[in-house]
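Each chain is listed here by its residues.
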Amino acid sequence: EVECRYMNGVGAVSGGAMLAIFQDVTHVEQASQMRRDFVANVSHELRTPLTALMGFIETLRGPAREDAVARDRFLGIMADEANRMNRLVGDLLSLNRVESEERVRPKDQLELTGLLQSTMNSLRPLAESAKVEVTMNAPEGPVSLIGDSDQLRQVFTNLIENAIKYGGSGGRVDIRVESSERDSVMRGPAVRVLISDTGPGIDAQHLPRLTERFYRADSHRSRQLGGTGLGLAIVKHIINRHRGRLRVESEVGKGSTFIVILPR
Ligand code: ADP
């Protein structure tokens, strides 16, 4: 469609120029289509809890007015819906920030094992309430690299949180750190963090799209667990900023391993 419009508009330009402009137009068209999709998605994601809130307000004003038990139950649901909206707005702001910083080289000198340990500790209450055991294996001694420590903490928080959430009760999450002088993917000194769970796994058809905003492999489960659908999109942008890579290996029925590869 884009091609036809362009050809009608500028018929007389030579082949080479045509191709160049054509690609440009396609790019602009794609970018504005993505923006429209994004706004539609955000509106939908916000409207769902908002509609629920409005419904409960009406019920509390009317039929449930004198019913103390129903009132408490509805207020509990309303608090959950408001929390969902709050998490969504928080993730949108994070996404905005990490996207705007993507081209700025991070520059903190940090130690990865300690950062992972403290991220794991802050997720311990979640793991305990989900009855998931989290373990870590790392090389002896410090693993140093240059990065943005707040953002990398967010990467590992999102990935470990997903592993706990989707892994489910009675599962295990194993975090492994591997450092090498010549990583086969980075072709130089790099560190790999592998986060494995014993959850349901992810069907191969979903893997290429997992880091798209609002893409969910299992929409029902994500919503049930309070997911915003933005966690892996945020992870992707932060890893890009660190010139790293994200890999996912998954087998349905067995579990998933998310692998973060960072240059050292
Ligand atoms: P959400 O907020 O929905 O968890 P994410 O961007 O973090 O969003 O993840 C995108 C989707 O990828 C999830 O909805 C889920 O379907 C799938 N997913 C992510 N991590 C895992 C995992 N460890 N096991 C199974 N599915 C996962």
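- In the annotation of an unreviewed UniProt entry, the protein is listed under the name histidine kinase and assigned to Ruegeria denitrificans.
- According to the UniProt record, the Catalytic activity (unreviewed entry) comment for the protein is "ATP + protein L-histidine = ADP + protein N-phospho-L-histidine."

### Observations concerning the site of the ligand
So, step 1. The full set close to the ligand counts 20 residues, and Y166, D197, S222, G229 and L232 are the nearest of them.
So, step 2. Between the ligand and the protein, one listed contact pairs an oxygen atom with a backbone N or O atom of L232 at 2.8 Å.
So, step 3. Contact with the protein chains removes 97% of the 530 Å² of surface that the ligand exposes when unbound.
So, step 4. Sorting the residues of the shell around the ligand by element identifies α6 (149-167), α8 (231-241) and β7 (255-263) as the ones contributing at least two each.
So, step 5. If one sorts the elements of the shell around the ligand by residue count, α6 sits on top with four residues.
So, step 6. Residues belonging to the shell around the ligand are distributed by class as follows: nine nonpolar, seven polar and four charged.

### Digging into the packing of α6 against α8
So, step 1. Relative orientation of the contacting elements α6 and α8 amounts to 145°, with a least axis distance of 9 Å. Remark: the crossing between α6 and α8 carries left-handed chirality. Across the interface between the two elements, Q151, L152, Q154, V155, N158, L159 and N162 from α6 touch G231, L232, I234, V235, I238, I239 and R241 from α8.
So, step 2. Within the contact of α6 with α8, the residues separate by chemical class into eight nonpolar, five polar and one charged.

### Some thoughts on the packing of helix α3 (residues 68-100) against α8
So, step 1. Across the interface, α3 lies against α8 with an axial gap of 9 Å and an inter-helix angle of 20°. By the angle between their axes, α3 is roughly parallel relative to α8. The chirality of how α3 crosses α8 is left-handed. From α3, D91, S94, L95, V98 and E99 reach across to α8, where they touch A233, I234, H237 and I238.
So, step 2. Looking at side-chain class alone, the contact of α3 with α8 contains five nonpolar, two polar and two charged residues.

### Some points on the UniProt feature "domain: Histidine kinase" (unreviewed entry) in the protein
So, step 1. Cross-referencing UniProt, the feature "domain: Histidine kinase" (unreviewed entry) maps to residues 41-264 in the present numbering.
So, step 2. Overall, residues 41-264 shows 48% helix and 21% strand. The separation of its end C-alpha atoms is 37 Å.

### Some thoughts on α6
So, step 1. Here α6 spans 26 Å end to end across 19 residues, near enough to the 27 Å set by a 1.5 Å rise per residue.
So, step 2. Those residues of α6 that sit buried are Q151, L152, V155, F156, N158, L159, I160, N162, A163, I164, K165 and G167.
So, step 3. Of the residues trailing α6, G168 is marked for its positive phi of about 80°.

### Brief notes about unusual backbone geometry
So, step 1. Within the chain, K131 stands out as a residue other than glycine whose phi angle is a positive 55°.
So, step 2. Summarising the element assignment, K131 is placed in the loop between α5 (124-130) and β2 (133-137).

Here is what the cut-offs are and how they apply
Residues numbered from 1 in each chain as written. Predicted model: local features only at pLDDT ≥ 70, side-chain atom pairs only at ≥ 80, totals over all residues. Heavy atoms only, no water. UniProt positions renumbered as here; feature names shortened; annotations may be inferred. Near = heavy atom within 4 Å. Polar contact = N/O pair within 3.5 Å; in protein donor to acceptor, adjacent residues only side chain to side chain. Areas by Shrake-Rupley, 256 points an atom, 1.4 Å probe, with all protein chains shown as cover. Helix = DSSP H or I, 4+ residues; strand = E, 2+ residues; numbered from the N terminus. Nonpolar A, V, L, I, M, F, W, Y, C, P; charged D, E, K, R; others polar. Axes fitted to C-alpha atoms, helices over the stretch in contact; angles between N-to-C directions. Left-handed = near helix turned anticlockwise from the far one by under 90°. Contact = heavy atoms within 4.5 Å. Parallel < 35°, antiparallel > 145°, perpendicular 65-115°, else oblique. Expected span 1.5 Å × (residues − 1). Buried < 20%, exposed > 50% of the residue type's maximum accessible area, 1.4 Å probe, protein only.

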